[in-house]
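Topology and contacts: notes
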Amino acid sequence: MIKLDIVNRVAGATGIAKSKAEVAVDALLEGLKQALERGERIELRGFGVFVVKPRKRGVGRNPRTGEIADIPPGKTIRFKPGKELAH
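Procedures and definitions
- Residues numbered from 1 in each chain as written.
- Predicted model: local features only at pLDDT ≥ 70, side-chain atom pairs only at ≥ 80, totals over all residues.
- Heavy atoms only, no water.
- Pairing = 2+ DSSP bridges.
- Helix = DSSP H or I, 4+ residues; strand = E, 2+ residues; numbered from the N terminus.
- Axes fitted to C-alpha atoms, helices over the stretch in contact; angles between N-to-C directions.
- Contact = heavy atoms within 4.5 Å.
- Parallel < 35°, antiparallel > 145°, perpendicular 65-115°, else oblique.
- Left-handed = near helix turned anticlockwise from the far one by under 90°.
- Nonpolar A, V, L, I, M, F, W, Y, C, P; charged D, E, K, R; others polar.

Before going further, it helps to examine the sheet that holds strand β5 (residues 74-81). Two pairing modes exist for strands in a sheet, parallel and antiparallel, and in both the strands are linked by backbone hydrogen bonds. Overall, antiparallel pairing links the three strands, which are arranged β1-β2-β5 in an open sheet. On the outer flanks of this sheet lie β1 (42-44) and β5, each paired with one strand and no other. Put simply, the sheet's adjacent strands are angled 25° from each other on average, direction ignored. Direction of pairing for strand β2 (residues 48-55) relative to β5: antiparallel, over a ladder of eight bridges. Residue pairing in the sheet places G48 in a bridge with P81 of β5. Lying on the sheet, helix α2 (residues 18-37) is in contact with β1, β2 and β5; it crosses β1 at an angle near 140°.

At their nearest, the axes of helix α1 (residues 3-14) and α2 sit 8 Å apart, and the two run at 120° to each other. When the axes of α1 and α2 are compared, the pair comes out oblique. The handedness of the crossing between α1 and α2 comes out as right-handed. Residue-level inspection shows K3, I6, V7, N8, V10 and A11 of α1 in contact with α2, the latter providing K18, A21, E22, V25, D26 and L29. Residues that form the contact of α1 with α2 fall into these classes: seven nonpolar, one polar and four charged.

Printed below as a string of structure tokens:
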């Protein structure tokens with residue numbers, strides 16, 4: 001499923017124009033993105049939870065040259081599906 005599919009489903013389920021549905025979907029996605037950038041936990045009951053977790057620094061290896069490279073610490077997003085979704 002791509003963003004256009006979501007827009008079409010929102011428009012179909014609500015009866016609003018696709019252009020307005022696209023604005024709504026864009027606003028939702030932007031709000032989720034900003035919350036994750038701030039490190040906030042997003043809980044959507046019946047769907048799941050998005051959490052920002054720290055990622056440890058590590059050591060990797062370039063597969064072409066075999067050269068060792070440091071992997072800097074960072075953040076990653078984890079998703080845990082809700083009970084209704086996990087069935």
